[in-house]
Amino acid sequence: MLQQNTVRVAIIGATAYTSREAIRLLLNHPRVQITALCSRRDPQPAIEDIFPEFAGRLTMTCEPINPSALKGRADVALLCLPNGLAMGLVPDLLAAGLRVIDFSADYRLKEPADYAQWYNKQHTDLANLESAAYGLPELFRQKIRDARVVANPGCYPTAASLGIVPLLRQHLIDPHEIIVNAASGISGAGREPKPEHHFPERHENFEAYKIGDHRHQIEIERTCDGHVPRGKSQVLFVPHLIPMERGILCTMYLKPLQPISLEHVQQVFAEAYANDPFIRLRRYPPRTAEVARTNFCDLTARVAKGRIIVLAAIDNMVKGAAGQAVQNLNLMFGLDERTGLM
Ligand SMILES: NC(=O)c1ccc[n+]([C@@H]2O[C@H](COP(=O)([O-])OP(=O)(O)OC[C@H]3O[C@@H](n4cnc5c(N)ncnc54)[C@H](OP(=O)(O)O)[C@@H]3O)[C@@H](O)[C@H]2O)c1
């Protein structure tokens, strides 16, 4: 029996890594009930057969992905699907009365031409693309509250944007000289097995990939652009894979427009994030172990050799995906942003 004011959640792509993380968080959320788990699999699995840790905690069998079957049964859908699928489902989910939090990139880039260029597909849902909110609460809280579609940001862009935007907003750094160097645990690549992610390839191995042409580079740029008065930002992004299960450490090299002290930089961050419960400003370099399985983003800054260096650590599957989605859900349904996440 559902309590009044309970938010009913459907998860689509229930067998995904990010779904597992969402289920883990939602089972501890006092105001949410998971009412549907949807998958393309046939036969449909019991969720405990996919994720045995939920045995005894969530007894549910998945059902086919059918938006109209969710009408009246769910208030919001979390879409944990590969890029390119959400835009085919969102119009029908909205028509069935649900709001949507999409984990993929389908609603993140406002310009359809950007999406076509970086995702090799034409966008098919331009109306909802235009009205979707970019789900980074620390920067876009107000828009998220009222949105019917929230584009949950990418994991790297979450860490990078949180480290860059406060300085950009105050016009303290050169928007054309932004370098982002980041490393992610392997869960960032999802559950689908790929040869390059097998244990022998990744164990004791640390390497860069997609240097200067990762899809998250344009996403970071477009978020920065909103804070550049004239023209556009330029971001050089170099991602790495590190042999850990989860976690992102992002190092940003930023060029101040005027000489600046560390105290000034720290003051900018302190003021920018004074009311943000998930941003922790640390004196020491952030560590992925300290944010693992939490929704925190730990940030530290330094000034050296004429550059501002900002470091950010998040858990790619929590603040970088499912935790951020729950934070967005809380905002969308008028709950305290921290509910179920502290
Ligand atoms: N992993 C992260 O850290 C992370 C962080 C931020 C954002 N994201 C984004 O979140 C989304 C999910 O990522 P993930 O890492 O959780 O993915 P994943 O573990 O690889 O799971 C993908 C899910 O999509 C389903 N699926 C694949 N192709 C499908 C199709 N054609 N029709 C219907 N369902 C299909 C899979 O179902 P089967 O079980 O049937 O294969 C599986 O449930 C992606 O867009 C990803 O970019 C991921």
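Residues numbered from 1 in each chain as written. Predicted model: local features only at pLDDT ≥ 70, side-chain atom pairs only at ≥ 80, totals over all residues. Heavy atoms only, no water.

**Here's the deal with the side chain of Glu-138**
Cut-off, in case you're wondering: Secondary structure elements follow DSSP: runs of H or I no shorter than four residues count as helices, runs of E no shorter than two count as strands, and numbering proceeds from the N terminus. Under the scheme applied here, a residue whose accessible area is under 20% of the maximum for its type counts as buried, over 50% as exposed, and between as partly exposed, the area being computed with a 1.4 Å probe on protein chains only. Contacts described as polar in this section are N or O atom pairs within 3.5 Å, which, within protein, must combine one atom able to donate a hydrogen with one able to accept it, while residues neighboring in sequence count only if both atoms come from side chains.
Locating Glu-138 in the fold gives a position in helix α6 (residues 137-146). Residue class for Glu-138 comes out buried when judged on its relative accessible area of 7%. A distance of 3.1 Å separates polar atoms of two side chains, one belonging to Glu-138 and the other to Gln-327.

**Overview of the domain arrangement of the chain**
Reports of interface size often rely on the accessible area that becomes lost once the parts have come together. What counts is decided by this rule: Domain ranges listed in this record stem from an automatic or a database domain assignment. Here, two residues are considered to be in contact whenever any of their heavy atoms come within 4.5 Å of each other. Joining two parts hides part of their accessible area as seen by a 1.4 Å probe, and the buried area is that hidden amount summed over both. By salt bridge we mean one thing: a side-chain nitrogen of Lys or Arg within 4 Å of a carboxyl oxygen of Asp or Glu. The residue classification treats Ala, Val, Leu, Ile, Met, Phe, Trp, Tyr, Cys and Pro as nonpolar and Asp, Glu, Lys and Arg as charged. All others, Gly included, are polar.
You can read the domains of the chain as domain 1 (7-153 + 320-332) and domain 2 (156-316). One C-alpha centre belongs to domain 1, the other to domain 2, and the line joining them spans 24 Å. The partner domain 2 presents 30 residues to the 27 residues of domain 1 that form the contact. In total, about 2300 Å² of surface goes out of reach between domain 1 and domain 2, with carbon and sulfur atoms giving 51% of it. Linking domain 1 with domain 2 are 4 salt bridges, by the criterion used here. When the shortest N-O distance is used, the salt bridge between Asp-276 and Arg-141 registers 2.5 Å. At the junction of domain 1 and domain 2, the tally comes to 12 residue pairs in polar contact (both at pLDDT 80 or more). Only α1 (17-26), α4 (112-119), α6 and α12 (318-332) provide two or more residues apiece to the side of domain 1 that touches domain 2. The element best represented in the side of domain 1 that touches domain 2 is α12, accounting for 5 residues. Considering only residue class, the side of domain 1 that touches domain 2 consists of 12 nonpolar, 7 polar and 8 charged.

**Side note on the site of the ligand**
What counts here: Near, as used in this document, describes a residue that has one of its heavy atoms within 4 Å of the molecule or strand being considered. Exposure was quantified through the Shrake-Rupley algorithm and a 1.4 Å probe, taking into account, for residues, occlusion by the shown protein chains and nothing else. For each structure, a 1 Å grid was placed over the protein atoms alone; sets of points admitting a 1.4 Å probe that cannot get out are labelled cavities, open sets with protein on both sides within 12 Å along at least five of seven lines are labelled pockets, and lining residues have an atom within 4 Å of a point. Occupancy of a cavity or pocket is assigned to a molecule whenever over half of its atoms lie within 2 Å of that pocket's grid points.
Around the ligand sit 25 residues in total, of which Thr-15, Thr-18, Arg-41, Leu-81 and Arg-191 are the nearest. Tyr-17 is positioned such that a nitrogen or oxygen atom in its backbone is 3.0 Å from an oxygen atom of the ligand. One nitrogen or oxygen atom from the side chain of Asn-316 is found 2.8 Å from an oxygen atom belonging to the ligand. Across the complex, the protein chains shield 82% of the 910 Å² of accessible surface that the ligand would expose by itself. Judged by its atoms lying within 2 Å of the grid points, the ligand is housed in the largest pocket. Of all the elements in the fold, those that place two or more residues in the shell around the ligand are α1 and α12. Grouping the constituent residues of the shell around the ligand by class yields 11 nonpolar, 10 polar and 4 charged. Both domain 1 (7-153 + 320-332) and domain 2 (156-316) contribute no fewer than three residues apiece to the shell around the ligand.

**Quick notes on the side chain of Arg-141**
Along the polypeptide, Arg-141 turns up in helix α6. When sequence neighbours within four positions are dropped, the list of residues in contact with Arg-141 reads Leu-136, Asn-275, Asp-276, Leu-331 and Glu-337.

**Side note on the pairing of strand β1 (residues 7-12)**
What counts, and what does not: We treat two strands as partners when DSSP finds at least two bridges between them.
Counted residue by residue, β1 has 5 buried out of 6 residues, so it is predominantly covered. The pairing of β1 with strand β2 (residues 32-38) spans 6 bridges and is classified as parallel. Residue pairing across strands places Ala-10 opposite Ala-36, the latter belonging to β2. Both β1 and strand β3 (residues 76-79) contribute to a ladder of 4 bridges, which runs parallel.

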